[in-house]
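What follows is each chain in one-letter form.
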Amino acid sequence: MNLATLARHTLSRGATPAATYALLARLGHRPLPVARAVCLALDIPRAETSRRLADCHDALLADPRPNSENDIGELLEALGVFDVPKSLTDTELAVVEHFLVAMDAMGGIRPGHRHGLNRWFTTGNLTTAYLSLAAARPLPRTGDPALGHLSRAAGDARGPRDRLPGPLRPGAGRVAP
């Protein structure tokens, strides 16, 4: 049976991508083909799959420790390797641009936060990205707290159907009740 078909079947039975990776790897298949099969079973385009796996191949897939299948699957999932990309509309792309401007105005953001935002941009989860960015504080000595209005502009660009309940209180970094 083809690895991608086996991965698709396992996913259809309710397994997470990480668990699917672990199961197929424990069956004795090499890590790279297993990771590729899970991505393809999730309908991630082949070129994108290759790019994502090239980024983590040497660290995770080239020479895995024995019995590390679960850990590797969870790491691949946490790194966003198995994130299914969503095609963004022009409005959503404009919102992402507002977010990027807001992040620059804040003096940048911490790497882990940036990683999470990139994952939400990829999957089209812009409301969560907005809430996360709105709660962030400017980096010490580099950000301009007066430019927090840029993240609110991104929220406004999302349109009325996506508005959050209640206004954003200036300086509070969270949604008011």
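Scroll up for the structure.
Residues numbered from 1 in each chain as written. Predicted model: local features only at pLDDT ≥ 70, side-chain atom pairs only at ≥ 80, totals over all residues. Heavy atoms only, no water.

1. A few points about the nonpolar core
Counting residues in hydrophobic clusters, the biggest one holds 24 residues, and the most contacted among them are Tyr21, Cys56, Leu61, Leu76, Val81 and Phe82. Going through the elements one at a time, helix H1 (3-12), helix H2 (17-26), helix H3 (31-41), helix H4 (46-61) and helix H5 (69-78) are the ones with two or more residues in this core. Ranked by residues supplied to this core, first place goes to H3 with 7 residues. The contacts of Cys56, once residues within four sequence positions are left out, are Leu61, Leu76, Leu79 and Val81. If you look at the next biggest cluster of nonpolar residues, it comprises 14 residues, including Val96, Met103, Ile109 and Leu133. (Core = buried A, V, L, I, M, F, W, Y, C linked by side-chain atoms within 4.5 Å. Buried < 20%, exposed > 50% of the residue type's maximum accessible area, 1.4 Å probe, protein only. Helix = DSSP H or I, 4+ residues; strand = E, 2+ residues; numbered from the N terminus. Contact = heavy atoms within 4.5 Å.)

2. A closer look at unusual backbone geometry
In this structure, Asp43 takes a positive phi of about 65° despite not being glycine. Its place among the elements puts Asp43 in the loop between H3 and H4. Positioned with a positive phi, Asn67 is a non-glycine residue whose angle comes to about 60°. Mapped onto the elements, Asn67 comes out in the loop between H4 and H5. Overall, the relative accessible area of 72% leaves Asn67 in the exposed class.

3. Quick notes on helix H7 (residues 111-123)
Compared with an ideal rise of 1.5 Å per residue, which puts 13 residues at 18 Å, H7 spans 19 Å between its outermost C-alpha atoms and is within 8% of the ideal. On its buried face, H7 is in contact with helix H6 (90-105) and helix H8 (126-135). Positive phi shows up at Gly124, right after H7, with a value of about 80°. (Expected span 1.5 Å × (residues − 1).)

4. Brief notes about the packing of H2 against H3
It is at 9 Å that the axes of H2 and H3 come closest, and there the two elements cross at 140°. Note on packing geometry: the crossing formed by H2 with H3 is right-handed. Note on element contacts: H3 touches H2 through Pro31, Val34, Ala35 and Val38, opposite Pro17, Thr20, Tyr21, Leu24 and Ala25. Here the contact of H2 with H3 is composed, by residue class, of 8 nonpolar, 1 polar and no charged. (Axes fitted to C-alpha atoms, helices over the stretch in contact; angles between N-to-C directions. Left-handed = near helix turned anticlockwise from the far one by under 90°. Nonpolar A, V, L, I, M, F, W, Y, C, P; charged D, E, K, R; others polar.)

5. A few points about the packing of H3 against H4
Two elements in contact, H3 and H4, have axes separated by 10 Å at closest approach and are oriented at 145°. For the element pair H3 and H4, the recorded crossing hand is right-handed. Only Arg46, Thr49, Leu53, His57 and Leu61 of H4 make contact with H3, whose side of the interface consists of Pro31, Leu32, Ala35, Arg36, Cys39 and Leu40. Looking at the contact of H3 with H4, its residues break down into 7 nonpolar, 2 polar and 2 charged.

6. Quick word on the pattern of salt bridges
Counted according to the given criterion, the structure contains 6 salt bridges. Here Glu48 makes a salt bridge to Arg51, at a shortest N to O gap of 2.6 Å. Here Glu48 pairs with Arg51, and both are found in helix H4, just 3 residues apart, close to one helical turn. We note a salt bridge from Arg119 to Asp83, for which the minimum N-O separation is 2.6 Å. (Salt bridge = Lys/Arg side-chain N within 4 Å of Asp/Glu carboxyl O.)

7. Things to note about H6
The end-to-end C-alpha distance of H6, which contains 16 residues, comes to 23 Å, matching closely the 22 Å that a straight helix rising 1.5 Å per residue would cover. Of all the positions in H6, only Glu92, Val95, Val96, Phe99, Ala102, Met103 and Ala105 are classed as buried. Residue Gly107 follows H6 closely and has a positive phi angle near 85°.

8. Some words on the environment of Arg8
As for its placement among the helices and strands, Arg8 is situated in helix H1. Arg8 sits 29 residues away from Ala37 along the chain, and the two C-alpha atoms are 8.4 Å apart. Not counting the four nearest positions on each side in its chain, Arg8 is found in contact with Leu40, Ala41 and Asp43.

It is worth stressing that arrangement in space is one thing and function is another; only the former is reported here.
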